[in-house]
Structures are given as structure tokens and as C-alpha cells.
Amino acid sequence: MDLRYSAADERFRAELRAWLADEVPKHGPPPPAHDWPARVAYDTGWQRKLFDAGYAGINWPKAYGGRELSATEQLVYYEETARAAAPYVGVNFVGLLHGGPTIVAEGSDEQKAKHLPRILRGEEVWCQGFSEPGAGSDLASLKTRAVRVGDEYVVTGHKIWCSFAHVGEFCELLVRTDPDAPKHRGISWLICPMHLPGIEIRPLPTLAGEGEFSEVFFNDVRVPVSARVGAENDGWRITNVTLRFERGTAFASEMINLQRVLGEIAALAKRVTRHDATAWDDAGLRRECGHLLAELDALWAMVKRSVSEAAQSGMPGLEGSAIKLYYTELFQRVSELGVRVLGRAGLARDDVAGLPSRQLIHRHLNSLSLTIAAGSSQIQRNIVGERILGLPKDR
Amino acid sequence: MDFRLTEDQSALQSGIRAWCDGQLPHERLAELAKGDPFDAKLWSGLAEMGVFGLRAPESEGGVGLGLADAALVFAELGRRLVPGPVAWTHLAAGLVPGAASGETVVGGLDLAGALGEPHLVEHFGALDVLLVLRADSVERVDAKALAAEPVATPLDPLTPVAHVRSLPSGERVGGADLAARLRLEGAALVAALSLGIAEMAQELATAYAKEREQFGRAIGGFQSIKHMLADMFVRQEMARAAVWAAGATYDQDGVGDRARAIASARVVAGDAAMKNARACIQIYGGMGYTWEMPPHYYLKRAWVLSTCFGTSEEHEARLAEMLGA
Ligand SMILES: Cc1cc2nc3c(=O)[nH]c(=O)nc-3n(C[C@H](O)[C@H](O)[C@H](O)COP(=O)(O)OP(=O)(O)OC[C@H]3O[C@@H](n4cnc5c(N)ncnc54)[C@H](O)[C@@H]3O)c2cc1C
């Protein structure tokens, strides 16, 4: 149990901190949520800067443009980017945090060479085409069909809630390649270019009023067989690799970031007046903040534990489900506290009276998706109960 | 940085676990609960296992380990609800002669926090020395010379308490710094004991849910039960992370704010112990409400611990100050 960072880690931290101190202010504030061209430019532009400075793909192989540094340097990276309030991965989420890692783990050499360096340079935006109208939590029942014709798959089907589909160049696409096999055994995992003929994207506004995700229709879309990751019909196993990354490490930077967010809420509470006192004068609110800080500390300690374990296996473990459960519900409580501190200023989604309504309301509305996306909290509880505790399966 | 246990730490943990499992199966706890739960033989066994001298320097007959190691050991004591003033005697090692070897049984009263009065001393009958923590001093009082009324029915059948009506001033053994250090270390030990409670409550409930059948199936197959158990597991693992981190942060320079890490661990682990023990009773159903089954012992001990070395509310307020600073 050694929580000390090594001298090399600390050197890495010092360099990164200095770099961030220069570059974060230069990159400016994020563009408005509805301005997608600007958002893509902002997010990918930041990724490019990270790449050029040697801070992209901290734990990715050197051969594909990564740094191949240790898991602890990855942690240092999260801590420092959160501390500096650096831009969020944004549209690079899928490529950097689960699509890319899946290819590192399971892709062919050709796929690695083709995609990994471009993802790291911010040149390739990815989206995820897993869910379908009839296959959400029960993902393995997906129906999008891929029929093999020569060296192509002809894909027909309907995906939904595809984040970043309208700006994505490639899609992690799950298709059914064997309709006769049991549901988990007939799935394949494809890298589908999003510009192919026969793909139709229909935006699906979120409750936050934003165009983050879309429905995607596939009509006889021809995807090369060489774009398949792993063997035909072995896609469910690959999917679980993707989901381990998505649930295990993808949110790590957000987790440490929440500590800063809570600090900002405390600072806001000192500014917000309630008659002749401030919101911070309420001992109940202060205790609530203290409790949340304790939970955030526990969460970050848990991430460190998980990273130490994964440093051995190269993959986040099943405890990722426990972390996701805890983190998502904690995030919602922190963001809801922010809204409560705003009081009636929270009725406005634009800043009023000098209070940061725009950001706080945006955060809270967005947080409502966390316990649904990437496997709902109920599904995570099933996973913890059945796969970790060994309780009988639901059915 | 490597947050995994070292080989030595794993060995320490499994050694103390095996010993506690052997000494204190639930039937033995139930027996102890019938009389005075302080068991001199068990106590000297704990001393031999190094529980009290764990952090005392080797030159003074101790084991020379750190708070992270102590946290591992105390989590095991919590799992088996080991009776006796283990935290106080451990804290007294190096301050009170004979504490490190367990020959002097040391209890205490923490008067620096919110819960000073009434002065209820745990395991009073077994004590040789009573340590009294005040905001600006630590005093030792000869427990054998002190008048106290044993409470006929303590909340926790394994934690007898006695009411000390008038507390004489004792011999001063340290000032504000020592008092603060003992309170901090005490909070870390309480967090570790709480972790053990959270963990065992989960394990008991999971085992019961796999065995108990209703409607023709194990109750653990019902989602409402399964999801409660999943939440218990999550709370336990977060508590473990926080408690281990608190120990390591305390022992190692430059890792973080020691007081913050311990306050966080105390809040999260205290919560986990209380909630898991309650859930355990619920999952046992009517059996959980009986004296004969183990779950209530866990809840009651969690309750006792929630009053020791600062309440959750005090630690939360402290954390809020750090956040606001
Ligand atoms: C913001 C956001 C972004 C997303 N991005 C993507 C993306 O990029 N790509 C993609 O493929 N998908 C994406 N999704 C989809 C997401 O993965 C699904 O919404 C999720 O898996 C739940 O499926 P569902 O919506 O069909 O809900 P359902 O499965 O219909 O579930 C409805 C409710 O029933 C509960 N439930 C379902 N099954 C069980 C069970 N066995 N036991 C107990 N309760 C159960 C659920 O917990 C939920 O509360 C996104 C979703 C959101 C909200």
C-alpha cells in the first residue's frame, strides 16, 4: 500500500502542470453546446495540442503514437487536468476512452495503424452504435443484420441514442452476423465508416434540449470485412472489453474533476445571499458538502485501487461496475446541490444576477443521463450482485 | 504508487483474520454476550498477535508498523466484533507502560468532541487506566480508584458501559498536540473497525440470501434483495478504499492532507457500517429481529462506534471547512 508517487511521476506532474498553466487559458472557454462545428473544432483542437506536446495516449503503445507510460502517470494526468480545469474530451470520448482502447486490446495490426494515431491526434471522431430501440439494457438481443457478401458485410438496421453520430467519422457498430445462434453468440463488432452510402442520421434532442445523440438507420450499408474487430460472431466478448473500459476508466477524469466542482459550489454558496446570511451559513448545507467530499475522496481512492489492480491485468476489473454505480449517483447529488444553491436563479438557464446558472443547470440536466447510459444503475447492480457476489441470476 | 497490499500486509491481514475466525465464531460471541464480554484470555491472545504494540517502535517491544497496517488489523477485529477497549489500548501503547503488551488494559473518554456527557466508559470493569482526552490535554486516571456505576443493560451486549459521575483530574501525559493526534488516530481506527462491520454484514446477508428460499427460490434471486446487497458491496469497497488511503496518507509523507483523509474515511466507513448492518437485519427478515441471530450485534457495535472519536457530523463539518478554505 504505497500511495507515494515516484520522482519520475512527480517530474511528469510538474511538466504537465506547467504546460497546462500556459495552454488551458489560451484554448479559451468551450463554445455553446448547440454549436457543433465549434465544439468539434474545440475538442479536437485541444486533443491535437495534447498530442503535439506529448500528452495524448498516456498509456497507449508508443508504436501508435502513445506515450506508453505507467498507470500512475495516467492518474497524475487525470489529477492535473482536473486541477487545471482543462477542456473535457468531449467528442473524442468514444475514440479515446473505449473505442481506441478496444482496438489496442483486440484490433488487428492494420486496424491499429489505421486508427490509433489519428484518434490520438484528434483527427478521427468516433461514435458508438450499440443500442437499438428494442435492445437497450438487453443489448445482446440487438437485431441490426450484417450479411456477408464477398469481402463486405451488408448492414441493415436501426440504432438509437448514438452520441456524436452526426459528427462521427467512425462507429463502433454491433451487428448480428448469425441470426440462428443463441443471442450472445451471433454478434460481430465492426468499425463502420459513417460516410458510407445508406446511412441516415436523424438527430434526437435530449431533455437538455441538445443534439448530442441521434438515431441512425442503416440501409444496405456495405462495410468491408476487414473492418471487423475480432472473429466473426465473437463480438459479444469484444463488446464486454469495450464496456469494461467504458465503465471502468472512461470517467476517471470526471471523478477527480468533481472535487473541484464541489469546491466551486462551496465558493458559490458563500456568495449567494439568503436574507441577511449566505447559503454557506447554513450548517446543514455545510455538512452535506462535507459528506460529499468524503464520498469523493473515497471514490478517488477506489479509482487508485482499481488502477493498481488493472496495472497487472491491463484491463479494468469488474469493480468498474461498483465504481460506475457510486460515481454516477454521487455526481447527481453534487450537481443537484449546485442547483439548490442557485435557488430561484436556477429557473434561468442563462446566467442571471451574476450567478453561473448556465453551467450548473447544464451539468445537472446532463447528469440525469449518467445512471442510464453505459448500462443503467439497475443493470450495474445486477452485475455486482450476480458476477461479484454470486447471487442467482434474474432468470 | 501501488495501492495493492504488499505480501507482508496480505500475510498480516490473513493471519489476524484466521485467528479471529478461530477465536470468535458467532456462537462464542453469543456466549460472551451473556456475561462480562471482556475475556482475559482473548485479550492476551490479541496482545500476542501484536494488536496493541503494532505501531510501537521495535526498541520498545512493539512491531514498528504504521497506521495503514493497523487499519488492516482493526478491520479484522471489526469483522468479528472483538470485545474490549482495543482502540484505546492500542493508542496508549508508548504512553502508558504495559499497554503495548496488553498487560495494562486502557480505556478512555474523549471529551474534546461534541459528545462529552454523560461520561459513559466502555469496558470499565476491565480497565486499569482511563485516558481522558480534552482539547488541550491528555490525562491518565487510575481506573481502579475511580467510582463508576455499571449500566445494567448496555445497548451493545458486547460493550458494557459504566457511568462516571464525577471525573477527577488525572496525571497529565500530554497537551493539545497529543490530544489531537490521538483523536485523529482514534478516528482512523474507528473507521477501520467500521469497515470490518460493513464487510461482515454484507457477507452474512449475502450468504443468507443464497440459502433462504421463499416462493420456491433463493431470496437473493429477487432483485430488490440483490440490489440491496450490491449497494452493500459498493459501500464496503468504497469504505475500504477510503480507510486504506487514510492509513497510507497518514504514514507516508507528501501523499495528502492527513486530517482530511481520516475524516473522509471515518464518514464513509461509519455510514457503510450503519447502513449495511441495518440492511443485513432486513435481509434476514424475522430472523434478523431475533436476539439469537448475529445481525443485531453488528448494528449495535456500529452504533457504539458512531459515538467514538468524533461523530460523522463533526467530521463532515471539518471537511466542509477544508473545502471552504
Ligand atoms: C446520454 C446517453 C448517451 C448514450 N449514448 C449511447 C451511445 O453512444 N451508443 C449507444 O449504443 N447507446 C447509447 N446510449 C444508450 C444507453 O446505453 C441505453 O439507454 C441504456 O443501455 C438503457 O437502455 P434503454 O434506454 O433501452 O432502457 P431500458 O433497457 O428499456 O430500461 C428502462 C428501465 O428499466 C430498467 N431495466 C431494464 N432491464 C432491467 C433489468 N433486467 N432489471 C432491472 N431493471 C431493468 C433500466 O434500468 C431502466 O431504468 C446512451 C444513452 C444516454 C442516456
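Residues numbered from 1 in each chain as written. Chains lettered and ligands numbered in written order. Predicted model: local features only at pLDDT ≥ 70, side-chain atom pairs only at ≥ 80, totals over all residues. Heavy atoms only, no water.

## Re the overall build of chain A
- What chain A contains, in helices and strands, is 11 helices and 10 strands.
- With the principal axes as the frame, chain A shows a C-alpha extent of 75 × 50 × 45 Å.
- Within chain A, the fraction of its 395 residues that count as buried is 56%.
- Residue pairs at least 24 apart in sequence account for 71% of intrachain contacts in chain A once pairs closer than 6 positions are excluded. (Helix = DSSP H or I, 4+ residues; strand = E, 2+ residues; numbered from the N terminus. Buried < 20%, exposed > 50% of the residue type's maximum accessible area, 1.4 Å probe, protein only. Contact = heavy atoms within 4.5 Å.)

## Some thoughts on the sheet that holds strand β6 (residues 161-163) of chain B
Residue and element names in this part refer to chain B.
- Read across the open sheet, the three strands follow the order β2-β6-β5; overall the sheet is antiparallel. Of all strands in the sheet, those with a lone pairing partner are β2 (120-122) and β5 (149-150), marking the two edges.
- Sheet topology note: the β5/β6 ladder contains two bridges and is antiparallel. Following the sheet pairing, E149 is matched in β6 by H163. (Pairing = 2+ DSSP bridges.)

## Quick notes on the layout of surface pockets
- By volume, the second largest pocket is sized at about 800 Å³.
- E79, Q259 and W300 of chain A together with V255 and R260 of chain B are the residues nearest the centre of the second largest pocket, which is lined by 31 residues in total.
- Listing elements by their share of the lining of the second largest pocket, those giving two or more residues are α1 (7-27), α3 (71-83), α7 (252-271) and α8 (283-313) of chain A together with α7 (223-251) and α8 (258-284) of chain B.
- If one sorts the elements of the lining of the second largest pocket by residue count, α8 of chain A sits on top with five residues.
- Class assignment for the residues of the lining of the second largest pocket results in 13 nonpolar, five polar and 13 charged. (1 Å grid on protein atoms, 1.4 Å probe; cavity = no way out; pocket = protein on both sides within 12 Å on 5 of 7 lines; lining within 4 Å. Points joined across faces, edges and corners; volume = space filled by probe spheres on them. Nonpolar A, V, L, I, M, F, W, Y, C, P; charged D, E, K, R; others polar.)

## Some points on the pattern of salt bridges
- Under the definition given, this model contains 51 salt bridges over all chains.
- The residue D138 of chain A makes a salt bridge to K183 of chain A at a minimum N-O spacing of 2.9 Å. You can see D138 of chain A sitting in the loop between β1 (126-129) and β2 (145-149) and its partner K183 of chain A sitting in the loop between β4 (170-176) and β5 (187-193), a full 45 residues away along the chain.
- D138 of chain A gets classed as partly exposed once you look at its relative accessible area, which sits at 37%.
- Its salt-bridge partner being E149 of chain B, residue R165 of chain B comes within 2.6 Å of it at the nearest N-O pair. In this pair, R165 of chain B sits in the loop between β6 and β7 (171-175) while E149 of chain B sits in strand β5, placing the two residues 16 residues apart along the sequence.
- By relative accessible area, E149 of chain B is classed as partly exposed at 39%.
- One salt-bridge network, held together by shared partners, links R305 of chain A together with R17, E76, R79, E199, E203, E237 and R240 of chain B. (Salt bridge = Lys/Arg side-chain N within 4 Å of Asp/Glu carboxyl O.)

## A closer look at the sheet that holds β7 of chain B
All names here are of chain B.
- A sheet is described by the order of its strands in space; here four strands give the open sequence β1-β3-β4-β7, paired in mixed fashion. The open sheet has two edge strands with one neighbour each: β1 (106-110) and β7. Put simply, the sheet's adjacent strands are angled 25° from each other on average, direction ignored.
- In terms of strand pairing, β1 meets strand β3 (residues 129-133) through five bridges, oriented parallel. Its bridge partner being in β3, G108 is matched across the sheet by L131.
- Taken strand by strand, helix α6 (residues 176-211) contacts β1, β3, β4 (137-142) and β7, and its axis lies near 80° from that of β7. (Axes fitted to C-alpha atoms, helices over the stretch in contact; angles between N-to-C directions.)

## Considering the pairing of strand β3 (residues 152-163) of chain A
Residue and element names in this part refer to chain A.
- Pairing of β2 with β3, which is carried by five bridges, proceeds in the antiparallel orientation. Looking at the pairing, R145 lines up with T156 of β3.
- Alignment of β3 against strand β7 (residues 213-224), held across nine bridges, turns out to be antiparallel. Counted as the bridge partner of V154 is R222 from β7.

## A short note on empty space enclosed by the protein
Residue and element names in this part refer to chain B.
- A complete count under the given rule lists two cavities of 30 Å³ or more for this structure.
- Approximately 240 Å³ is the volume attributed to the largest cavity.
- Around the largest cavity, the lining comprises 21 residues; the ones closest to its centre are G84, V86, E122, L193 and L305.
- Of all the secondary structure elements, the ones that give two or more residues to the lining of the largest cavity are α5 (86-92), α6 and α9 (295-305).
- The computed volume of the second largest cavity comes to approximately 30 Å³.
- Lining of the second largest cavity is provided by V190, S194, R266, G270, A273, A302, L305 and S306.
- When contributions to the lining of the second largest cavity are tallied by element, the ones reaching two or more residues are α6, α8 and α9.
- If you tally residues by element for the lining of the second largest cavity, the top one is α8, at three residues.
- The class makeup of the residues in the lining of the second largest cavity is four nonpolar, three polar and one charged.

## Here's the deal with the site of the ligand
- Residues in close proximity to the ligand total 19 residues, the closest being S131, S137, W161 and S376 of chain A together with Q223 of chain B.
- Bordering the ligand are residues originating from chains A and B.
- Within the backbone of W161 of chain A, a nitrogen or oxygen atom sits 2.9 Å from a nitrogen atom of the ligand.
- Listing elements by their share of the shell around the ligand, those giving two or more residues are β1, β3 and α11 (377-388) of chain A.
- Here the residues of the shell around the ligand are counted per class, giving eight nonpolar, 11 polar and no charged.
- Of the residues that make up the shell around the ligand, three or more belong to each of domain 2 (127-232) and domain 3 (251-388) of chain A. (Near = heavy atom within 4 Å. Polar contact = N/O pair within 3.5 Å; in protein donor to acceptor, adjacent residues only side chain to side chain. Domains from an automatic or database assignment.)

## Here's the deal with the interface of chain B and chain A
- With 50 residues of chain B in contact, the opposing surface of chain A contributes 49 residues.
- Across the chain B/chain A interface, buried area totals approximately 4,400 Å², and carbon plus sulfur atoms make up 67% of it.
- It is M1, M238 and L323 of chain B in chain B that bury the most area against chain A; as a group they hold 19% of the surface buried on that side.
- Our count for the contact surface shared by chain B and chain A stands at five salt bridges.
- Where chain B meets chain A, there are 21 residue pairs in polar contact (both at pLDDT 80 or more).
- Those elements that provide at least two residues to the side of chain B that touches chain A are α4 (67-79), α6, β9 (217-218), α7, α8 and α10 (312-324) of chain B.
- Looking at the side of chain B that touches chain A, the element that brings in the most residues is α7 of chain B, giving 17 residues.
- A breakdown of the residues in the side of chain B that touches chain A according to their chemical character gives 25 nonpolar, 12 polar and 13 charged. (Buried area = accessible area lost by both parts, 1.4 Å probe.)

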